[in-house]
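Given next are the chains, with one letter for each unit.
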Amino acid sequence: MVLTQLYAPAYVEESSGPAAEAAAPPRRRRQPDQLRPVHMQVGPLTECSGSAFVSVGGTQVLVAVLGPYPAGAQGEGAESIDNGQLICDLTIAPIALQADDPSGARQDAGQDAGRDAGRDWEGSAVLRATLAPSVLLAELPKCVVHVHALVLARDGGELGAAVCASSLALADAGVPLRGLVAACTAITTTTAASTKVKGTSRLSMAEGAATDEKAEVALDPTRDEAAAAQGSATLAELFTEAVATDTDDTDGRADQSGGGLQKGESWCEGVVQFSQSGMIGDEAQLGESLALCQLGCRSLRAAMEAALLSGASKPGA
């Protein structure tokens, strides 16, 4: 089974260019603490040990897990190892690369590498580092678990979607785990705010009105939003117990009331991965970014649990 030969349906994109980007609002019909629509499916593939599909907005990731199998069976090397090995490959599908460069003028950096075309080497290393704390490799001596993550469509948050899909696929494969890992991204942006009206940051700017700049933190950005942001923070957390649903079924907003988790307290072993790029701002903005990421991770973790339960309830599961 070769995942890199899978293709996603092609979609007609909206008009792009400087004029379109300037006219596009930073967030369309979505609050700063609101996730994009999330869909998760466990077991879409059959010719592998475990699999999962995750879509977050326009981002789509398909993951297949092979193993555990004896070391050396797939060419990884037959050296003696006391613990198991976790190998992660994160690859961008050709259809996703083509969507980024319809003219074909810009060549992918790995295109000349044959079968490694589209391979995200840095993303593969980060994916492995994020998942490794959740896998009980000590229980898999001289065995290998291979995670193949394929990004079918890119619209922001690819790494977070890959982490969630990979964790689901590992659970589907029956790999011994400490728990599920969820990851989410938050961005910091600067927007214009009127000095004449108080109490809100979403104001229609009247021509000639006095303005100043205000930093805002937003959860789960699209690709365009992330590109226009001053900075971003990505957080991954490992959960070991059942988590209460922290999203409103009607709009997907993360619950910030502080009472959502009391229905079924989740146990988070801690942050397993954190990365920052660009300028986040002061300490308060960094704290707000991390808080939003944590709420997003809890919401994604609840969706992951629901996907696992749904997959287990299907006939033949």
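Nothing here was measured: the structure is a model prediction, and the numbers come from that model.

Help me get a handle on the packing of helix α4 (residues 158-172) against helix α6 (residues 283-312), residues and values and all.
Between α4 and α6, whose axes approach to 11 Å, the crossing angle comes to 35°. Between α4 and α6 lies a crossing whose hand is right-handed. Residues Cys164, Ser167, Leu168 and Ala171 of α4 touch α6, and the partners they reach there are Leu300, Met304 and Leu308.

Account for α4, with residues named and values stated.
Working note: α-helix, 3.6 residues per turn, so residues spaced by three or four point in the same direction. Its 15 residues place the ends of α4 21 Å apart at the C-alpha level, agreeing with the 21 Å of an ideal helix rising 1.5 Å per residue. Listed as buried for α4 are Glu158, Gly160, Ala161, Ala162, Val163, Cys164, Ala165, Ser166, Ser167, Leu168, Ala169 and Leu170. Just beyond α4, the residue with positive phi is Gly174, at close to 80°.

Outline the nonpolar core, supporting the account with residue identities and numerical values.
Judged by nonpolar contacts, the single largest core of 54 residues is most densely connected at Met40, Val63, Val65, Leu86 and Leu170. Examining the composition of this core, we find that eight residues originate from one element, α4, more than from any other. With residues up to four places along the chain from it excluded, the contact list for Leu86 reads Arg128, Leu131, Ala132, Val135, Leu137, Val145 and Val147. Among the nonpolar cores identified, the runner-up in size contains six residues, and Leu62, Ile95, Leu150 and Leu152 belong to it.

Tell me about the sheet that holds strand β4 (residues 85-92), and name the residues and values.
In spatial order, the strands read β1-β2-β3-β5-β4; together these five strands make up an open sheet with mixed pairing. Sheet topology places β1 (38-42) and β4 at the edges, where each strand pairs with a single neighbour. Neighbour-to-neighbour, the strand axes of the sheet open up by a mean angle of 15°, direction not taken into account.

Describe the pattern of salt bridges, naming the residues involved and giving the relevant values.
This structure, assessed with the given rule, holds five salt bridges. Ionic pairing is found between Arg36 and Asp155, a salt bridge with its closest N-O pair at 3.8 Å. One end of the pair, Arg36, is in the loop between α1 (18-23) and β1; the other, Asp155, is in the loop between β5 (143-153) and α4, and 119 residues separate them in sequence. With a relative accessible area of 24%, Asp155 lands in the partly exposed category. Residue Arg301 is joined to Glu305 by a salt bridge in which the shortest nitrogen-to-oxygen separation is 3.4 Å. Of this pair, Arg301 and Glu305 are both found in helix α6, four residues apart, which corresponds to roughly one turn of the helix. In the salt-bridge network here, residues are joined through shared partners; they are Arg36, Asp155 and Asp220.

Tell me about the confidence of the model for the chain, residues and numbers included.
Confidence in the prediction for the chain averages 77 pLDDT; 65% of positions are at 70 or higher. Residue range residues 4-25 is modelled with pLDDT below 50. Its contacts to residues more than four positions away, or to other chains, number 16 contacts. Across residues 243-250, where pLDDT falls below 50, the model places 24 contacts with residues more than four positions away in sequence or in other chains.

I'd love a proper account of helix α3 (residues 121-131), names of residues and values included.
Restricting attention to buried positions, one finds in α3 the residues Gly123, Ser124, Leu127, Thr130 and Leu131. Burial along α3 is one-sided: seen end-on, the buried residues are contained in an arc of 130°. Relative to its buried face, α3 has exposed residues pointing more than 90 degrees away, namely Trp121 and Glu122. For α3, the side-chain oxygen to backbone nitrogen distance between the N-cap and Glu122 is 3.4 Å, and the N-cap itself is Asp120.

Give a description of the packing of α3 against α4 that names residues and reports values.
α4 packs onto α3 with a crossing angle of 50° between their chain directions and a minimal axis gap of 10 Å. Classed by the angle they form, the pair α3 and α4 counts as oblique. The chirality of how α3 crosses α4 is right-handed. On the side of α3, the interface is formed by Gly123, Val126, Leu127, Thr130 and Leu131, while α4 contributes Leu159, Ala162, Val163, Ser166, Ser167 and Leu170.

Rules behind the numbers
- Residues numbered from 1 in each chain as written.
- Predicted model: local features only at pLDDT ≥ 70, side-chain atom pairs only at ≥ 80, totals over all residues.
- Heavy atoms only, no water.
- Axes fitted to C-alpha atoms, helices over the stretch in contact; angles between N-to-C directions.
- Helix = DSSP H or I, 4+ residues; strand = E, 2+ residues; numbered from the N terminus.
- Left-handed = near helix turned anticlockwise from the far one by under 90°.
- Contact = heavy atoms within 4.5 Å.
- Expected span 1.5 Å × (residues − 1).
- Buried < 20%, exposed > 50% of the residue type's maximum accessible area, 1.4 Å probe, protein only.
- Core = buried A, V, L, I, M, F, W, Y, C linked by side-chain atoms within 4.5 Å.
- Pairing = 2+ DSSP bridges.
- Salt bridge = Lys/Arg side-chain N within 4 Å of Asp/Glu carboxyl O.
- pLDDT = per-residue confidence, 0-100.
- Arc of directions from axis to C-beta.
- Polar contact = N/O pair within 3.5 Å; in protein donor to acceptor, adjacent residues only side chain to side chain.
- Parallel < 35°, antiparallel > 145°, perpendicular 65-115°, else oblique.

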